[in-house]
Amino acid sequence: MKVAKFGGSSVADSDQFRKVKAIANSDSDRNVIVVSAAGKSSAEPVKVTDLLIQLEDAKSNGTDCQRIFDHISDRVLKIRDELNLDVNIENDLKEIYSKLDSCSHDYLVSRGEYLTGKLMAAYLGYYFADAKDFMIFDRENFDYQASEKRIKEIMAAHEYIVAPGFYGANEDGSIHLMPRGGSDISGSILASLLNASLYENWTDVSGILMADPRIVNHSKKIDVLTYDELQELSYMGIGVFQEEAVRPVREKQIPTKILNTNHPEDSGTLVVDSAAKKSDNNIITGIAGKKNYTVITIKKYQLNKHIEVLQNVLSVLQKFHISINYVPSGMDSFSFLCRQSEVSNKLEAILLKLRNKCGLDSVEVNRDIALVAAVSLQLSKRPAIAGKILDYLDNSLINVRLVIQEGSDIKVVFGVSNEDYEKTISKIYREAMFRDYKRIPA
Ligand SMILES: Nc1ncnc2c1ncn2[C@@H]1O[C@H](COP(=O)(O)OP(=O)(O)O)[C@@H](O)[C@H]1O
Ligand SMILES: N[C@@H](CC(=O)OP(=O)(O)O)C(=O)O
């Protein structure tokens, strides 16, 4: 049995639905189809999920909800009518509209997947398995056992199903929304619950590319990737695969493929365990990054003898609910890398507390930092590669503000200013593709 997840771009309109049907029908092992909400297309620049978020904002600001709701309805009805489907989606739309004033954020934002799933089930002639009936959460934790029992009951009664991604239900039956991009997680969890032979993630690119195609033209495709490499790349922001989607398939060692709905004949990227990945000549497997970090650096002379200082700093950051992405350290100093969106409106208050309450010698802040990671299994064996890249960036007049590399790590992270983000990715790609590293003994 295979689980096939189709992302928003694969279900954006009726033409995309037709492609999904051809793919589903071409392999009788594709028993489980998971869909996202209709996404962007050439005619529709906004994902249905984002329209639902706009609807919620309009509701709370008291601005025009009707216009946004009509837009969502039109998209859904257009797909239904162009495919001549006999499904009464009007009732679902009416129900959503009637609940607008009282419903939760999770309920409203999940309706894109619900509606798209209903349409896809009608189109394929498969059973619509509402995720609220089998994806069970116990507060923030996924209840694996309860979910396994429920999905197995559904599969015992129905050979082929369509399931909406991105949500499930809490124990009280209320809707539980996953993080953005969460349909990847739903698909991965379903593959794990059902011990699938393959998890297919269908999108609009023919696999994971070495670098973001919006930054590097004709970037090389990665043929085979390990779960660890995918985890690092996803954590660093490649949009194709949600970072929390790696764990379920990794734990059960379920091979995973990233494939292109628009070119199903392309081989895509296969994700496997490191033991199954043959070594290749590439020094870098992939490059990924994100803009907009803030770096808070604290200094204290002989910090190693004043551990309580560090403890105080951490408790300040905890009090302000700041998640820390990296903590590089130097002689008598520690830096905390945080997402700018999380700290910016609390920064002054945090600095005040750090300066007045923690007994530090100094606190320094650097804003608008982008992080770019080069990921490769080879880096753990040949850490000197990082130095070569650093040299190259330096020669390219890119001011590298920080470097994070741990001994056994499979990645090296470079901190640069936001303006140098795209240039840094392009340069590392060039370096990885065109420099001959084979002379360095492994
Ligand atoms: N390294 C990369 N390889 C492939 N695609 C990438 C990469 N980095 C960013 N992307 C972007 O991710 C997009 C696919 O992810 P997403 O928009 O979530 O697709 P879907 O709608 O199928 O869920 C691609 O269109 C591409 O622009
Ligand atoms: N629709 C949700 C969940 C998702 O996974 O979407 P996509 O497959 O289009 O990335 C989102 O936009 O976050």
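Residues numbered from 1 in each chain as written. Chains lettered and ligands numbered in written order. Predicted model: local features only at pLDDT ≥ 70, side-chain atom pairs only at ≥ 80, totals over all residues. Heavy atoms only, no water.

Asker: Can you help me understand the pairing of strand S16 (residues 362-375) in this one?
Answerer: Along a regular strand, successive side chains alternate from one face of the sheet to the other. In this structure, strand S13 (residues 286-299) lies alongside S16, joined through 11 bridges in antiparallel fashion. Residue pairing in the sheet places Ala-288 in a bridge with Ala-373 of S16. Note: S16 against strand S18 (residues 411-417), 7 bridges, orientation antiparallel. Looking at S18, one finds that Val-372 is bridged to Phe-414. (Pairing = 2+ DSSP bridges. Helix = DSSP H or I, 4+ residues; strand = E, 2+ residues; numbered from the N terminus.)

Asker: So what exactly am I meant to see when it comes to the site of ligand 1 here?
Answerer: Neighbouring ligand 1 are 18 residues, the closest being Gly-8, Ser-9, Thr-203, Asp-204 and Leu-209. Between ligand 1 and Gly-8 there is a distance of 3.3 Å, counted from an oxygen atom to a backbone nitrogen or oxygen. A distance of 2.7 Å is found between an oxygen atom of ligand 1 and a side-chain nitrogen or oxygen belonging to Thr-203. Of the residues in the shell around ligand 1, the class split is 8 nonpolar, 6 polar and 4 charged. (Near = heavy atom within 4 Å. Polar contact = N/O pair within 3.5 Å; in protein donor to acceptor, adjacent residues only side chain to side chain. Nonpolar A, V, L, I, M, F, W, Y, C, P; charged D, E, K, R; others polar.)

Asker: Honestly, helix H14 (residues 384-395) in this entry has me stumped. Any pointers?
Answerer: When the terminal C-alpha atoms of H14 are compared, their 17 Å separation across 12 residues agrees well with the 16 Å that a helix rising 1.5 Å per residue should span. Among the residues of H14, those classed as buried are Ile-385, Ala-386, Ile-389, Tyr-392 and Leu-393. Down the axis of H14, the sector holding all buried residues measures 125°, keeping them to one side. Opposite the packed face of H14, turned more than 90 degrees from it, sit the exposed residues Asp-394 and Asn-395. Looking at the buried side of H14, the elements it contacts are helix H13 (378-381), S18 and helix H15 (421-434). Leu-397 sits one or two positions beyond H14 and adopts a positive phi of about 65°. (Expected span 1.5 Å × (residues − 1). Buried < 20%, exposed > 50% of the residue type's maximum accessible area, 1.4 Å probe, protein only. Arc of directions from axis to C-beta. Contact = heavy atoms within 4.5 Å.)

Asker: Which parts of the structure should I look at to understand the packing of aromatic side chains?
Answerer: Any pair of aromatic rings gets described here by the distance separating the centres and the angle formed by the planes. Evaluation of the coordinates by the stated rule reveals 9 aromatic pairs. Consider the rings of Phe-69 and Tyr-97, whose centres lie 4.7 Å apart with planes at 55°: the pair is tilted. Here Tyr-97 lies in helix H4 (residues 89-98) and Phe-69 lies in helix H3 (residues 65-82), a separation of 28 residues in the sequence. Residue classification places Phe-69 among the buried positions, given a relative accessible area of 8%. A centroid spacing of 6.2 Å and a plane angle of 75° characterise the contact between Tyr-235 and Tyr-326, whose relative ring orientation is edge-to-face. With Tyr-235 in helix H8 (residues 227-235) and Tyr-326 in the loop between helix H10 (307-319) and strand S14 (329-330), the pair connects residues that are 91 residues apart, well separated along the chain. Aromatic rings pair up to connect Phe-137, Phe-142 and Tyr-144 into one cluster. If you follow Arg-111 out to its NZ or CZ, it ends over the ring of Tyr-114, 4.5 Å from the centre. When the ring centre of Tyr-293 is taken as origin, the NZ or CZ atom of Arg-339, which lies over that ring, is 4.5 Å away. (Phe/Tyr/Trp six-rings, centres within 6.5 Å; stacked < 30°, edge-to-face > 60°. Lys NZ or Arg CZ within 6 Å of the ring centre and 35° of its normal.)

Asker: Whenever I open this one, a nonpolar patch on the surface confuses me. Can you help?
Answerer: Among the surface-exposed residues, Leu-314, Ile-324 and Val-327 lie close enough to one another that they form a single nonpolar patch of about 210 Å² accessible area. By secondary structure assignment, the location of Leu-314 is in helix H10. For Leu-314, a relative accessible area of 41% puts it in the partly exposed group. (Patch = residues over 30% accessible without salt bridge, like charges linked within 9 Å, V, L, I, M, F, W, Y side chains within 5 Å. Areas by Shrake-Rupley, 256 points an atom, 1.4 Å probe, with all protein chains shown as cover. Salt bridge = Lys/Arg side-chain N within 4 Å of Asp/Glu carboxyl O.)

Asker: Honestly, unusual backbone geometry in this entry has me stumped. Any pointers?
Answerer: Leaving glycine out, the prevailing phi sign among residues is negative, and the prevailing peptide bond configuration is trans. Its identity as a non-glycine residue notwithstanding, Phe-166 has a phi of 80°, on the positive side. Within the secondary structure, Phe-166 sits in the loop between strand S6 (161-164) and strand S7 (167-170). By relative accessible area, Phe-166 is classed as buried at 2%. Positioned with a positive phi, Leu-397 is a non-glycine residue whose angle comes to about 65°. Residue placement: Leu-397 occurs in the loop between H14 and strand S17 (402-404). On the accessibility criterion, Leu-397 (74% relative accessible area) is exposed.

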